[in-house]
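Structural overview
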Amino acid sequence: MTDATTDAGEDAGRRGHSFADLLFYSRGSIGAGGVFAVVLAVASLAIALVALAGWTMSAGVLLAILLAALALLTLPVDLIDASSSLGQNSDTRLMALITIGIIGLHQLRLDAMGWITLVLLAGVIIGETALRRLHLYTTNRVANLPGQQQRTNRFPAALVNPITLLALALGWVSVLFGFSWIPALVVTAGIGVLAAADLIDRVNRLRFDHRNSRALTRAIRDHAPVFALYWKADPGTDYQIAMWLPFLERLGLPFVVVVRTAVNFAEATALTDAPVLLRRAMADLDAVVVPSLKTVFYVNNAAANSQMVRYPGLTHIMLNHGDSDKAPSYNPVSRMYDKNFVAGQAAIDRFTSHGVAITESQFAIVGRPQIEDVERATVPIGDLARPRVLYAPTWAGFTADAAYSSLPWGAALVRALLDRGCDVVFRPHPYAYRSPRLSQACAEIAAMLKADGEHAHAWGEQAEKVWSLSDCFNNSDAMISDVSGVVADYLYSGKPLAMVAVHAPRDEFVAEFPLAEAAYILEATPSGFTEVDATLDQLLRTDPLAAERRKLRTYYLGDPGERPYADLFFDEVRRYL
């Protein structure tokens, strides 16, 4: 299970709109992209000073490098959400523009057409900030809701930023080599026309949204949603709602999905035919709260959840997107919800053992409906001539106390499995690819499996996209993972599992993460694993912890009895609908 970062942290780490913004946000974490943006802004100022000193050719070379770096930072363009690129690094681009002007004056290559080009381009770059604000105000969208008019973006405003780079590059060519200013002026005029057309469209969109606000409320009232699924998360985390949507749809009641970003809107509409509402501002949520709405479900602890929890007439239920012994699984923020649906008693005891005071009435044990398709083991692992092992490492975590990933040791672990003649299914956490170090480890493991082509390995598209998590469970005979929600889910299969201890010795690891009592522990050290052969012998041959896994299965996952597993969830959720 993971938590979303705070909204301020997300914005600071991703946008890098201006030097001033980044200096303001630097009191917290601005992320690698933010640091790069600050470096570029300072570099642009230095280049301008070099040009003022009269070293125009040196400034020109440095300016070319700066423009290339800006292009790498700006591209690829996010056409889904223009506000993500509009105004980005505007200070740096303006300083580059000033440098072009200084070089032009020194080289006597700044004629009337050049002045017009530079002034117009400066106006476009400065105007991007205002245009971005209009985009933020006018990007509420609706999908799959009968009776609701649609209005899509009519102009590719996201191209304004990268095209200004092209105009700057053409201006650089003019002042350095004496070429005509006409190409730069034509491109600048084109950007200006595009920006002006988008500005008019944004104003019309504001009027449209104002006129349509009452129609939207009527359309939602007519749809009469009984509950809402609320979601705000980083791009690429749609698995958080994908695991719950099929079960919410099986309730057979009208509902809506409420998202807060354009990227989340695109991801959610690809997953469901239910109405999806993009509500950017906190006030935009008012239209969703219609008389029929009774309950709101949440799947992560995004800071923006509080903007929906503020509606006291609704029942707010945290579903989460996994259950593990990680620190986020006993987050004190969970106290703000009316109910926390948890898989088993272990989740409740986890809060208590870590001093997080939540009343017993705020919890409901609903099992893990997502494991209803997981198949049980049919033969002992020792009877299999060639076992297939699922390696499912977690990611780096948002904070140090949640950094449990074994991927830095992953290649050595997979090599040990291959040397034993095992087939391997490799399915890393989706967030693993956000870390250069973990992403490189994933690539190394994939290359190893590809090179061992004679065997029935699965990785990449097959294991991460084509197969569901349940498919990976069913196509394996044992699993190795980290401190992660997949460990508890795998308990249901009855198959042997191992966990990697990356921060503490074996005994301390088991004491901190009780689920490890049912797992074989691979202790990771800077020099590699300790007792790896003996541990893999237990995992793949003798399996002395089989009884312990059966004991902990109900404690972590609940007990549906003879009924279908998902009935635990359906019985409880209907109490609040």
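This write-up is about the structure you can find in this document. (Residues numbered from 1 in each chain as written. Predicted model: local features only at pLDDT ≥ 70, side-chain atom pairs only at ≥ 80, totals over all residues. Heavy atoms only, no water.)

Overview of the side chain of T56
- Relative to the elements of secondary structure, T56 occurs in helix α4 (residues 56–74).
- Residue classification places T56 among the buried positions, given a relative accessible area of 8%.
- If we skip the residues at most four places from it in the chain, T56 touches I103, H106, Q107 and L176. (Helix = DSSP H or I, 4+ residues; strand = E, 2+ residues; numbered from the N terminus. Buried < 20%, exposed > 50% of the residue type's maximum accessible area, 1.4 Å probe, protein only. Contact = heavy atoms within 4.5 Å.)

Section: helix α21 (residues 546–557)
- The first and last C-alpha atoms of α21 sit 16 Å apart over 12 residues, in line with the 16 Å expected at 1.5 Å per residue.
- Considered for burial, the residues of α21 that qualify are R549, L552, R553, Y556 and L557. Projected down its long axis, α21 carries its buried residues within an arc of 130 degrees, all on one side. Facing away from the buried side of α21 by more than 90 degrees, the exposed set consists of R550 and K551. (Expected span 1.5 Å × (residues − 1). Arc of directions from axis to C-beta.)

Looking at the packing of aromatic side chains
- In total, this model carries 19 aromatic pairs according to the counting rule given.
- With a centroid separation of 5.7 Å and 85 degrees between ring planes, the pair formed by W172 and F177 is classed as edge-to-face.
- Consider the rings of F473 and Y490, whose centres lie 5.0 Å apart with planes at 80 degrees: the pair is edge-to-face. Separated by 17 residues along the polypeptide, F473 in helix α17 (residues 469–474) and Y490 in helix α18 (residues 485–491) bring together distant segments of the chain. Note on accessibility: F473 and Y490 belong to one class, buried.
- Members of the aromatic cluster, joined through ring pairs, are W244, F247, F341, F569, F570 and Y576.
- Lying over the aromatic face of Y492, R376 brings its terminal NZ or CZ to 4.3 Å of the ring centre. (Phe/Tyr/Trp six-rings, centres within 6.5 Å; stacked < 30°, edge-to-face > 60°. Lys NZ or Arg CZ within 6 Å of the ring centre and 35° of its normal.)

Things to note about the sheet that holds strand β11 (residues 478–481)
- Read from one edge of the open sheet, six strands run β10-β9-β11-β12-β13-β14, paired in mixed fashion. This sheet does not close on itself; its edge strands, each paired only once, are β10 (423–426) and β14 (528–530). Averaged over all pairs of adjacent strands, the angle between their axes in this sheet comes to 25 degrees, without regard to strand direction.
- The pairing of strand β13 (residues 520–525) with β14 spans three bridges and is classified as antiparallel. Each residue of the ladder has a partner; that of E523, found in β14, is T530. (Pairing = 2+ DSSP bridges. Axes fitted to C-alpha atoms, helices over the stretch in contact; angles between N-to-C directions.)

A word on the sheet that holds strand β5 (residues 295–298)
- Pairing in this open sheet of eight strands is mixed, and the strands run β1-β4-β3-β2-β5-β6-β7-β8 from one edge to the other. Each edge of the sheet is formed by a strand with only one pairing partner; in this case those strands are β1 (141–143) and β8 (363–365). Each strand of the sheet is rotated relative to its neighbour by a mean of 25 degrees, with strand direction disregarded.
- In the sheet, β5 pairs with strand β6 (residues 315–318) via four bridges, with the strands oriented parallel. Bridging from a neighbouring strand, Y298 pairs with M318 of β6.
- Each of β7 (339–342) and β8 is contacted by helix α13 (residues 345–353), which is oriented at about 150 degrees to β8, the strand it contacts most.

Brief notes about the pairing of β13
- Most of β13 is tucked away, with six of its six residues classed as buried.
- Residue alternation in β13 divides its side chains into two sets, Y520, L522 and A524 and I521, E523 and T525, and both sets are buried.
- In this sheet, β13 lies alongside strand β12 (residues 497–501) in parallel orientation, the contact comprising four bridges. Within β13, the residue paired with V500 across the bridge is L522.
- Between the parallel pair β12 and β13, the chain is carried across by helix α19 (residues 506–512), and the sense of this crossover is right-handed.
- In textbook terms, the turn of a hairpin is the stretch between consecutive antiparallel strands, and for β13 and β14 this stretch comprises two residues. (Right-handed = clockwise from strand over helix to strand, strands pointing away.)

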